[in-house]
Amino acid sequence: MSTPAPGRHAALDQGLPGPFTSLQHALRLLEAVDRHPDGATLVALARETSLGLPTVRRLAEILEIEGYLQCQDGGWVLGGTFALLGQHNREQLVRARLNRKLAEIRDELGAAVYFGRYHEGELTVEAVSSSEYAPPVHEWVDFRATAHASAIGKCLLSQLDSDGRRDHLSRHPVARLTSRTVTDADQLMHRLERQPATVPVLDIQEYALGTVCAAVPVTAGSTVGCLAMSMPVDNVHRLRAAAELLAARAAPVMLAMAV
């Protein structure tokens, strides 16, 4: 966004019609720009809105000052100020999109599906989609304290740097939850460091007996997140195929979270 020079507002106002007409023209201009997500020139916008080129130029400059428009490579697009409007409704929309996408994946996999995040030093499970035929894992120990054992936790920790992992484990030391839980912190750190971002993280009864899980990273902006699934151990023969399908469905979840 450009920085206005002293007195620029006054200069921009010269020659514009009355305030209500100016507002209508500004709204028509914004609507026209919105129809061109890849950008539109002032000449094209003037032709589309039936406004004079000088008027379109002045309005575009005013809207650029306020952050509603920005010029990129000669084309005008909507500016970042729009992201600040209706934030509460926007968050509700993102949540609805996420829940809908998780339900679709749940039905496709026949397994409970989760979205988790690592935020401000803690693991959070922010959304779960389960059903009678796809029951969720029983949280018998707080997920926040057992990241070392769960697929969600290991997937999130693998996305942190070494210092971030060590900080987490210093606050939530590894503990044996089942006979399969890795309790050697150095061994765990080694596994996390070598975990390929494109390979699902598995939990074969490390968190809870009778349950197997898989998780894959989900990157949306600055979010450290993951998409995960769980199923009864009787279905362990389906786990790897289901985990690969889960990885293939991560991209739509990223899009569902786009704001």
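Residues numbered from 1 in each chain as written. Predicted model: local features only at pLDDT ≥ 70, side-chain atom pairs only at ≥ 80, totals over all residues. Heavy atoms only, no water.

**With respect to the layout of surface pockets**
Move 1: For the second largest pocket, the calculated volume is near 220 Å³.
Move 2: If you go around the second largest pocket, you meet 13 residues; those closest to its centre are Lys154, Arg191, Gln195, Val201 and Leu202.
Move 3: Elements represented by at least two residues in the lining of the second largest pocket include exactly helix 6 (151-158), helix 8 (185-193) and strand 5 (201-204).
Move 4: Counted by class, the lining of the second largest pocket contains seven nonpolar, two polar and four charged residues. (1 Å grid on protein atoms, 1.4 Å probe; cavity = no way out; pocket = protein on both sides within 12 Å on 5 of 7 lines; lining within 4 Å. Points joined across faces, edges and corners; volume = space filled by probe spheres on them. Helix = DSSP H or I, 4+ residues; strand = E, 2+ residues; numbered from the N terminus. Nonpolar A, V, L, I, M, F, W, Y, C, P; charged D, E, K, R; others polar.)

**Observations regarding empty space enclosed by the protein**
Move 1: The full count for this structure, using the stated rule, is one cavity of 30 Å³ or more.
Move 2: Within this model, the largest cavity holds a volume of roughly 80 Å³.
Move 3: Lining of the largest cavity is provided by Tyr114, Val137, Phe143, Ser150, Ala151, Ile152, Asp203, Tyr207, Cys213, Ala228 and Ser230.
Move 4: Of all the elements in the fold, those that place two or more residues in the lining of the largest cavity are helix 6 and strand 7 (223-232).
Move 5: Here the lining of the largest cavity is composed, by residue class, of eight nonpolar, two polar and one charged.

**Some remarks on the confidence of the model for the protein**
Fine structural detail should not be taken from predicted coordinates in areas where pLDDT scores are low.
Move 1: With 86% of its residues at a pLDDT of 70 or more, the protein shows a mean pLDDT of 86.
Move 2: Across residues 1-17 the pLDDT falls below 50, and counting only partners more than four positions away or on other chains, this stretch makes 25 contacts in the model. (pLDDT = per-residue confidence, 0-100. Contact = heavy atoms within 4.5 Å.)

**So, the side chain of Thr49**
Move 1: Mapping Thr49 onto the fold places it in helix 3 (residues 42-49).
Move 2: Within polar-contact distance, the side chain of Thr49 engages the backbone oxygen of Leu45 at 2.7 Å. (Polar contact = N/O pair within 3.5 Å; in protein donor to acceptor, adjacent residues only side chain to side chain.)

**Some details on the nonpolar core**
Move 1: By size, the foremost hydrophobic cluster in this structure holds 28 residues, and its most contacted members are Ile152, Leu156 and Tyr207.
Move 2: When residues of this core are traced back to their parent elements, those giving at least two are strand 3 (112-119), helix 6, helix 8, strand 6 (211-220) and strand 7.
Move 3: Take this core: its biggest share by element is five residues, from helix 6.
Move 4: Not counting residues up to four positions away in its chain, the partners in contact with Tyr207 are Val137, His138, Glu139, Trp140, Val141, Phe143, Thr146, Ala149, Ser150, Leu177 and Thr178.
Move 5: Membership of the second largest hydrophobic core comes to 22 residues, among which are Leu102, Val216, Ala242 and Leu246. (Core = buried A, V, L, I, M, F, W, Y, C linked by side-chain atoms within 4.5 Å. Buried < 20%, exposed > 50% of the residue type's maximum accessible area, 1.4 Å probe, protein only.)

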